[in-house]
Amino acid sequence: MPTLFTHPAVPLAMACALADAPQSRRLLLAGIAASILPDLDTLAFRFGIAYGAQLGHRGFSHSLLFALLVALLGMLAARWLQASRQRCFIFLFLACTSHGILDTFTNGGLGVALLWPCSEHRYFAPFRPIEVSPFGLERVLARAPTLLASEIRWVWLPLTGLAVLTLAGRWLFRARGKAAAPLP
């Protein structure tokens, strides 16, 4: 898995891409939480649940079904999240789904059960450039420079680039529209 610092990159980039409409701070924070939430499955180790089990790491909580359930809960909390139900659903679904997808790009682990319960198969992306983050704070800290360099290169920089391109494109589109507008 990428570190917990990197999973929030996706909802942050989405918030930039959706900058046309004011982004609710609550929805953004919920999106960040949704992007991290699947890794709570690491608590399963404390209950003797094996890594490769359906409820183990990268199992059910990394599936599209789990992301759908998170999005539905968010939709029910739309008023509190200060956003439309549709926006809550889409934003939280994408934020939570991004976790499992990012994990498929890591160079370790047992894969991700994206299609659980329809399939117990664990998927990897065909290209896996992201350094997998080990379990345990000591191990993560020992490998922090390598992990963060990998995540900056393969996640943060591309997402930042996409966010900047989206904002620049929106700015150019508006500038052209204003230039072509008839005089009053």
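Residues numbered from 1 in each chain as written. Predicted model: local features only at pLDDT ≥ 70, side-chain atom pairs only at ≥ 80, totals over all residues. Heavy atoms only, no water.

Participant: Looking at this structure, I do not really get helix 5 (residues 85–104). What am I missing?
Facilitator: Note: α-helices contain 3.6 residues per turn, so residues at a spacing of three or four share the same orientation. Relative to the 28 Å expected for 20 residues at 1.5 Å per residue, helix 5 spans 29 Å between its end C-alpha atoms, a close match to the ideal helical length. Where helix 5 bends most, the angle comes to about 25 degrees, and this point is Ser98. Among all positions of helix 5, only Cys88, Phe91, Leu92, Ala95, Cys96, Thr97, Ser98, His99, Gly100, Leu102, Asp103 and Thr104 are buried. (Helix = DSSP H or I, 4+ residues; strand = E, 2+ residues; numbered from the N terminus. Expected span 1.5 Å × (residues − 1). Bend = angle between axes of the 7 residues up to and from the residue. Buried < 20%, exposed > 50% of the residue type's maximum accessible area, 1.4 Å probe, protein only.)

Participant: Help me understand the packing of aromatic side chains in this model?
Facilitator: Here the distance between the centres and the angle between the planes together describe a pair of aromatic rings. Scanning the model with the defined rule gives 7 aromatic pairs in all. With centroids separated by 5.2 Å and ring planes inclined at 80 degrees, the aromatic side chains of Phe45 and Phe135 adopt a geometry described as edge-to-face. Residue Phe45 is located in the loop between helix 2 (25–36) and helix 3 (64–76), and its partner Phe135 is located in the loop between helix 5 and helix 6 (137–142); the two are separated by 90 residues in the primary sequence. What makes Phe45 partly exposed here is its relative accessible area of 34%. Members of the aromatic cluster, each reached through a chain of ring pairs, are Phe45, Tyr51 and Phe135. (Phe/Tyr/Trp six-rings, centres within 6.5 Å; stacked < 30°, edge-to-face > 60°.)

Participant: How should the confidence of the model for the protein chain be read in this particular structure?
Facilitator: Any region with low pLDDT has predicted coordinates that should not be read closely. Looking at the protein chain, pLDDT values average 90 and 93% of them are 70 or higher. Across the protein chain, the secondary-structure element scoring lowest on mean pLDDT is helix 6, at 82, and the one scoring highest is helix 3, at 98. (pLDDT = per-residue confidence, 0-100.)

Participant: How should unusual backbone geometry be read in this particular structure?
Facilitator: Residues apart from glycine generally show negative phi values, whereas peptide bonds are mostly found in trans. That bond from Trp116 to Pro117 is cis: its omega, 10 degrees, falls within 30 degrees of zero. Mapping Pro117 onto the fold places it in the loop between helix 5 and helix 6. In this structure, Arg58 takes a positive phi of about 65 degrees despite not being glycine. Mapped onto the elements, Arg58 comes out in the loop between helix 2 and helix 3. Not every positive phi belongs to a glycine, and Gln82 is a case in point at roughly 60 degrees.

Participant: Would you mind going over a nonpolar patch on the surface with me for this structure?
Facilitator: Together, Phe5, Leu148, Ile152 and Leu157 give the surface a local cluster of nonpolar side chains, amounting to about 420 Å² of exposed area. Looking at where Phe5 falls in the secondary structure, it is placed in the segment before helix 1 (9–17). Note on Phe5: relative accessible area 65%, which makes it exposed. (Patch = residues over 30% accessible without salt bridge, like charges linked within 9 Å, V, L, I, M, F, W, Y side chains within 5 Å. Areas by Shrake-Rupley, 256 points an atom, 1.4 Å probe, with all protein chains shown as cover. Salt bridge = Lys/Arg side-chain N within 4 Å of Asp/Glu carboxyl O.)

Participant: Is there a simple way to think about the packing of helix 2 against helix 5 in this case?
Facilitator: Each packed pair of helices is defined by two parameters, the angle between the axes and the distance between the axes. Following both chains from N to C, one finds helix 2 and helix 5 inclined at 30 degrees, their axes separated by 7 Å at the closest point. Classified by the angle their axes make, helix 2 and helix 5 are roughly parallel. As helix 2 runs across helix 5, the sense of the crossing is right-handed. Two secondary-structure elements touch here, helix 2 through Leu27, Leu28, Ala30, Gly31, Ala34, Ser35 and Ile36 and helix 5 through Arg87, Cys88, Phe91, Leu92, Ala95, Cys96, Ser98 and His99. Residue classes in the contact of helix 2 with helix 5 are distributed as 10 nonpolar, 4 polar and 1 charged. (Axes fitted to C-alpha atoms, helices over the stretch in contact; angles between N-to-C directions. Parallel < 35°, antiparallel > 145°, perpendicular 65-115°, else oblique. Left-handed = near helix turned anticlockwise from the far one by under 90°. Contact = heavy atoms within 4.5 Å. Nonpolar A, V, L, I, M, F, W, Y, C, P; charged D, E, K, R; others polar.)

Participant: Help me understand the packing of helix 1 against helix 5, please; the structure alone is not making it clear to me.
Facilitator: Their axes nearest at 9 Å, the elements helix 1 and helix 5 cross at an angle of 140 degrees. Classified by the angle between their axes, helix 1 and helix 5 sit oblique to one another. Regarding helix 1 and helix 5, the two cross each other, and that crossing is right-handed. On helix 5, the residues touching Val10, Pro11, Met14 and Ala15 of helix 1 are Phe91, Leu94, Ala95, Ser98 and Leu102. Residue classes in the contact of helix 1 with helix 5 are distributed as 8 nonpolar, 1 polar and no charged.

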